[in-house]
Amino acid sequence: MPVLPIHNGANTPENLPLGKLIVLTGPSGVGKGTLMQTLLQRHPELYYSVSVTTRSPRTGEINGKNYDFTSRSQFEQLVAQGEFLEWAEFAGNYYGTPRAAVLEHIQSGTLVVLEIELEGARQIRASYPNALSIFILPPSFSELEKRIRGRGQDSEEAIARRLGRALEEIQAADEFDIQIVNDDFETALHEIETILFT
Ligand code: ADP
Ligand code: 5GP
């Protein structure tokens, strides 16, 4: 079993056995969740890692499917126990990837996809340099704002935090192996499918 990170920061690079690890990142509202959902419907053989978060569920979100929703104290306990492959604080909430399930799937040869924010993606890249990282860009910043508002699920405060963070994230897009603009949904999805399956 490789030595794995339990905190934000520098990690020991590790090679990935067998399966591939794909990291999907992009600003809030760019369409990552919608892309992932369609991708999973079309390719049920993929393993999507369900993250743990301290954020409150949005309308329609299901515990155990969209996220494992938990308290801050429980999350901090999981961090202390080394249960996360990576974790980060985003817009006032914690998010983390449970490491055991991800490693088991990679070791059994499965294509594993993580949909995570920038800091977590950096941790994964440091630990697993042969993971493939994809950054999803919006066609414009105004379109991004329109999508976040159109989703109708975030408070004004949450929207402001997410848009502020979006600028920082977009500036880091070049760090990723591949950049995809989610303008036309089907085109973006097809680009991801091509990367994953060819
Ligand atoms: P994220 O998971 O990146 O925060 P979501 O998947 O929740 O983003 O998408 C935010 C909103 O944008 C949703 O209402 C979704 O339907 C919409 N959306 C996603 N992709 C596109 C697209 N290519 N064109 C227009 N709207 C889109
Ligand atoms: P949201 O609250 O909109 O669902 O997610 C906010 C941000 O957290 C998104 O950029 C999403 O990709 C990211 N995120 C979701 N799960 C994880 C995780 O396990 N780790 C990290 N680092 N980010 C995550």
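As the structure is a computational prediction, the values presented were derived from the model and not from experiment.

So, how was this worked out
- Residues numbered from 1 in each chain as written.
- Chains lettered and ligands numbered in written order.
- Predicted model: local features only at pLDDT ≥ 70, side-chain atom pairs only at ≥ 80, totals over all residues.
- Heavy atoms only, no water.
- Pairing = 2+ DSSP bridges.
- Helix = DSSP H or I, 4+ residues; strand = E, 2+ residues; numbered from the N terminus.
- Axes fitted to C-alpha atoms, helices over the stretch in contact; angles between N-to-C directions.
- Contact = heavy atoms within 4.5 Å.
- Near = heavy atom within 4 Å.
- Polar contact = N/O pair within 3.5 Å; in protein donor to acceptor, adjacent residues only side chain to side chain.
- Areas by Shrake-Rupley, 256 points an atom, 1.4 Å probe, with all protein chains shown as cover.

(A) Focus on the sheet that holds strand 6 (residues 93-98). Reading across from one edge, 4-3-6-5 is the order of the four strands in this open sheet, with mixed pairing throughout. At either margin of the open sheet sits one strand with a lone partner, and together these are strand 4 (67-69) and strand 5 (84-90). When the angles between neighbouring strand axes are averaged without regard to direction, this sheet yields 25°. Here strand 3 (residues 51-53) pairs with strand 4 via three bridges, running parallel. Considered in strand 4, the bridge of Ser51 is made with Tyr67. Sitting on the sheet, helix 3 (residues 99-107) touches strand 5 and strand 6, and the angle it makes with strand 6 is about 35°.

(B) View of the site of ligand 2. Around ligand 2, a shell composed of 16 residues is seen, among which Ser51, Arg55, Tyr67, Tyr95 and Glu115 lie nearest. Thr97 has a polar side-chain atom sitting 3.3 Å from an oxygen atom of ligand 2. A distance of 2.7 Å separates a nitrogen atom of ligand 2 from a polar atom in the side chain of Glu117. Protein contact buries 96% of the 510 Å² of open area that ligand 2 shows by itself. At the level of secondary structure, the elements contributing two or more residues to the shell around ligand 2 comprise strand 5 and strand 6.

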